[in-house]
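Results of the structural survey
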Amino acid sequence: IGLHTMWNEHFGIGIVEMMAAGLIVVAHNSGGPKTDIITPGQNGNGFLASTVTEYAAALEQASSLSLSDDNDDNNINEMQKMRQRAHDSAKRFSDDVFQEQFMKLLSCLR
């Protein structure tokens, strides 16, 4: 689990790096983490919190994600699924995606 507590951070490259490493992130519910990076919820890629109580609840929820393979969903547990969603989500901030999007914008100028 990765913990990020900075309030109103403009983007949060540290959060993206934690997600790319496969950590489940609990970040402050403001700024870039809220608007651009973390998608909370049942099929989300992390958790958002603002108060000490919310951080405690998010950390508890993250640490209690199912580790069992009770559902036969390709034998991937709940924690691994969130880690994979976080890792996949971080790819949208990669150099390759940036270059591809930048070149698309430049091609409009021709």
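In case you missed it, the structure is sitting above this.
Read on for a plain summary of the structure. Here the structure is a predicted model, which means the values were calculated and not measured.

Time to look at the environment of glycine 31. Looking at the element boundaries, glycine 31 is found in helix α2 (residues 31-37). Residues glycine 31 and histidine 10 lie 21 residues apart in sequence; the distance between their C-alpha atoms is 5.5 Å.

A complete count under the given rule lists 2 salt bridges for this structure. The residue aspartate 88 makes a salt bridge to lysine 91 at a minimum N-O spacing of 3.8 Å. Its relative accessible area of 37% is what places aspartate 88 among the partly exposed residues. Given the relative accessible area of 45%, lysine 91 is considered partly exposed. Notably, a salt bridge pairs glutamate 100 with lysine 104, separated by 3.9 Å at the nearest N-O pair. In this pair, glutamate 100 and lysine 104 both sit in helix α5 (residues 95-107), 4 residues apart, roughly one turn of the helix. We classify glutamate 100 as partly exposed; its relative accessible area is 46%. For lysine 104, a relative accessible area of 46% translates into the label partly exposed.

Rules behind the numbers
- Residues numbered from 1 in each chain as written.
- Predicted model: local features only at pLDDT ≥ 70, side-chain atom pairs only at ≥ 80, totals over all residues.
- Heavy atoms only, no water.
- Helix = DSSP H or I, 4+ residues; strand = E, 2+ residues; numbered from the N terminus.
- Salt bridge = Lys/Arg side-chain N within 4 Å of Asp/Glu carboxyl O.
- Buried < 20%, exposed > 50% of the residue type's maximum accessible area, 1.4 Å probe, protein only.

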